[in-house]
Amino acid sequence: MTHALRLGARGLGSVWPNPAVGCVIVKDGVVLGRGWTQTGGRPHAETMALAQAGPARAWGDCLCDAGTLCASWADAALRRSADRGGGGARCDRA
């Protein structure tokens, strides 16, 4: 979570109208993807982290999001996780 908070801080002051958010995707203690909300508010942190992790690796793993989790991306991630046999749960372990 500390890593996600630090990533989110990179967007402070430049991501309006969205919040500055950091996101880290972890599987078995290994960071698969990370991102933060980009200048102007898009793309979102979750989009960046999922793109870096790759869809085949990321689904069903731990999504650590610092800030306000984008509801549409959270729903998509949880739905894809469940579709691929993952638990579909968001966690704050990392």
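Basis of the calculations
Residues numbered from 1 in each chain as written. Predicted model: local features only at pLDDT ≥ 70, side-chain atom pairs only at ≥ 80, totals over all residues. Heavy atoms only, no water. Helix = DSSP H or I, 4+ residues; strand = E, 2+ residues; numbered from the N terminus. Buried < 20%, exposed > 50% of the residue type's maximum accessible area, 1.4 Å probe, protein only. Contact = heavy atoms within 4.5 Å.

**Looking at the overall build of the protein chain**
Counting its regular elements, the protein chain contains four helices and three strands. In sequence order, the protein chain lays out its α and β elements as α-β-β-α-α-β-α. With 94 residues in all, the protein chain has 39% of them scored as buried. Restricting to contacts in the protein chain with at least 6 residues of sequence separation, those with at least 24 account for 51%.

**What to know about unusual backbone geometry**
Backbone torsion omega between tryptophan 16 and proline 17 reads 15°, so that peptide bond is classified as cis. Residues arginine 42 and proline 43 are joined by a peptide bond in cis, for which omega reads -5°. Within the secondary structure, proline 43 is located in the loop between β2 (30-36) and α2 (45-53). Positioned with a positive phi, aspartate 28 is a non-glycine residue whose angle comes to about 50°. Tracing the chain through its elements places aspartate 28 in the loop between β1 (22-27) and β2.

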